[in-house]
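# Structural overview
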Amino acid sequence: MQSDTEQDTGDLLAAARRIRLTIPDACLPGVTANTRLLQTYIDLVLELDLPDDCPPAYEYAP
Amino acid sequence: MSLTAVAIANTVRFGLRSAREVVETTLEALGTRNQTYHCVTRLLTERALHMADTLDARIAHGDPVGVLAGVPFGVKDLFDMEGMVTTAGSVVLNGNPPATQDAAVVQRLVAAGAIPVATLNMDEFAYGFSTENAHYGTTRNPRNTDCLAGGSSGGSAASVAAGLLPFALGSDTNGSIRVPASLCSVWGLRPTQGLLPLDGVYPFVASLDTVGPFAGTVTDLQRVFEAMNGHALEEIEDVRGLRVARLGGWFLQDVDPALLDGLDRILAFFGSHKEIELAEVARARASAFLISAAEGGNLHLPRLRKVPMDYDPATRDRLIAGAMLPSAAVIQAHRFRNWFRTGLHELFEQVDVLIAPATPGPAPRIDQATLSVGGRTVSARANLGLFTQPLSLGGMPVLSAPLPPAASASTNGMPLGIQIIAAPGKENMLFAIGKVLSHAGLAGYPVLGMPVPDKD
């Protein structure tokens with residue numbers, strides 16, 4: 001049975017493979033910490049229901 | 001340097017001092033005092049002296065010169081400077097060809113007579129709020145060199161606060177002008193997004209990037225912004241009649257008491273008691289984080305595949321995590337941005353100007369670079385933008401104004417700064433407010449070597 005940490009690392013390496021990126025071993029702790037932090041922001045943003053007529057705002061138009 | 005940009009330009013234009021003398025003095029000061037602050041990455045000695053001599057010859061010949069004639073300035077190390085490789089605070093781009101021309105805003109300042117003399121330190125690729133750079137060192141706060149200057153445009157803010165340069169250029173994606181301006185107690189402007197050209201500026205987050213100036217006085221800041229923008233701002237007749245409100249809720253959490261006192265005084269000056277609480281600020285900040293991480297990560301992905309170990313470790317690990325973000329989150333963040341921005345812009349039907357802290361408190365110590373947020377201790381590098389980052393989503397112009405020096409036990413004498421926010425395109429309101437506050441002694445902090453802030 002995998003620990004949570006092993007599962008996290010496995011998920012991280014799989015996500016990296018999907019974008020053809022190899023994460024050096026030395027970077028794994030830092031990348032893992034940052035990924036966990038970003039997950040808290042993902043959770044926060046995805047919890048909010050937005051109306052269908054609210055499109056993405058990639059650019060700024062005053 | 002210890003003279004304002006306006007004063008330098010006047011002495012040079014009227015032949016009281018040569019541009020060469022101004023530039024030589026500035027280069028000498030940068031050469032000798034930079035070891036204390038670590039704000040300069042490269043001196044542009046040969047180019048600056050050549051430009052000064054050319055300007056002096058024109059003045060001697062009676063040719064017209066610009067409003068910033070002979071004024072030395074520095075640029076954050078992500079602005080293209082002709083003939084030099086743009087580093088963006090990294091060594092990863094060292095193999096790039098030299099820039100073939102100056103960045104567009106630098107060209108405009110040069111056309112106005114200003115003379116670039118140095119490139120300035122920053123967080124690598126502008127990804128941070130502290131100017132702790134593994135390649136070029138940590139920029140120190142001139143108000144107390146044991147403290148952070150803030151970032152990512154820390155070299156720009158510190159060089160102005162130290163009195164080494166009358167003005168400098170930086171970039172602001174999530175607060176990279178407003179945070180260091182606040183911690184070093186100088187004036188800084190994040191202009192309306194899209195107003196100033198970004199040609200020749202190394203990108204970080206295309207959706208949020210802006211460029212703007214730092215200066216020791218609000219008058220200098222306006223003069224420089226006008227040169228960057230290509231025209232003078234329209235005057236505001238009745239500044240005291242502007243509707244001013246304070247941002248509450250999120251923007252009052254964990255704030256130093258001296259900062260709250262400064263905001264109270266400003267609100268009282270305008271006879272206002274109005275406080276506005278924005279909805280969903282935590283999600284706005286989260287969205288800015290996600291957009292920044294994703295766009296920054298994607299920008300660097302090809303190099304992260306090839307040379308990850310050449311990056312500053314703190315930047316690299318954030319960029320890698322960002323590059324892997326799922327599209328569902330990033331698109332949702334951009335949709336939220338649209339929703340939040342619409343609400344922010346609607347606020348300006350009720351008020352003309354909003355005020356808020358720029359950072360929760362004074363500059364953290366370099367050897368203890370943390371903040372207390374919501375009862376948790378978090379890194380300063382990632383969190384000094386607590387109050388600036390959410391506002392970046394709105395695209396409005398924001399003036400970072402230093403509060404005046406005050407004896408406060410909570411700050412150990414270190415400076416504090418506020419954000420003054422107006423509707424898009426209303427930079428003239430910001431400068432009008434800044435000048436009236438400076439005149440009233442409610443904003444402005446003397447740069448080192450200069451006795452008093454401007455009162456005009």
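Rules and cut-offs
- Residues numbered from 1 in each chain as written.
- Chains lettered and ligands numbered in written order.
- Predicted model: local features only at pLDDT ≥ 70, side-chain atom pairs only at ≥ 80, totals over all residues.
- Heavy atoms only, no water.
- Helix = DSSP H or I, 4+ residues; strand = E, 2+ residues; numbered from the N terminus.
- Rg over C-alpha atoms; globule rule 2.2 N^0.38 Å.
- Buried < 20%, exposed > 50% of the residue type's maximum accessible area, 1.4 Å probe, protein only.
- Contact = heavy atoms within 4.5 Å.
- Buried area = accessible area lost by both parts, 1.4 Å probe.
- Salt bridge = Lys/Arg side-chain N within 4 Å of Asp/Glu carboxyl O.
- Polar contact = N/O pair within 3.5 Å; in protein donor to acceptor, adjacent residues only side chain to side chain.
- Nonpolar A, V, L, I, M, F, W, Y, C, P; charged D, E, K, R; others polar.
- Domains from an automatic or database assignment.

### A few points about the overall build of chain A
Scanning chain A from terminus to terminus reveals two helices and zero strands. Computed over its C-alpha atoms, the radius of gyration of chain A comes to 16 Å, more than 25% above the 11 Å expected for a compact globule of 62 residues. The C-alpha extent of chain A, read off along each of the three principal axes, is 45 × 25 × 20 Å. Looking at chain A as a whole, 34% of its 62 residues qualify as buried.

### Concerning the interface of chain B and chain A
The partner chain A presents 34 residues to the 43 residues of chain B that form the contact. A buried area of about 3,300 Å², summed over both sides, lies between chain B and chain A, and 70% of it is on carbon and sulfur atoms. On the chain B side of the contact with chain A, Arg283(B), Met324(B) and Arg335(B) bury the most area, a combined 20% of that side's loss. Remark: the boundary between chain B and chain A carries one salt bridge. As a salt-bridge pair, Arg283(B) and Glu47(A) come within 3.2 Å of each other at their nearest N and O atoms. Taken together, chain B and chain A are joined by 11 residue pairs in polar contact (both at pLDDT 80 or more). A per-class count over the side of chain B that touches chain A returns 22 nonpolar, 11 polar and 10 charged.

### Here we look at the domain arrangement of chain B
Residue and element names in this part refer to chain B. With domains assigned, chain B is organised as domain 1 (5–229) and domain 2 (239–439). One C-alpha centre belongs to domain 1, the other to domain 2; they are set 22 Å apart. If you look at the interface, domain 1 gives 55 residues, while domain 2 gives 61 residues. The contact between domain 1 and domain 2 buries some 4,600 Å² in all, and 62% of this surface belongs to carbon and sulfur atoms. There are one salt bridge connecting domain 1 and domain 2.

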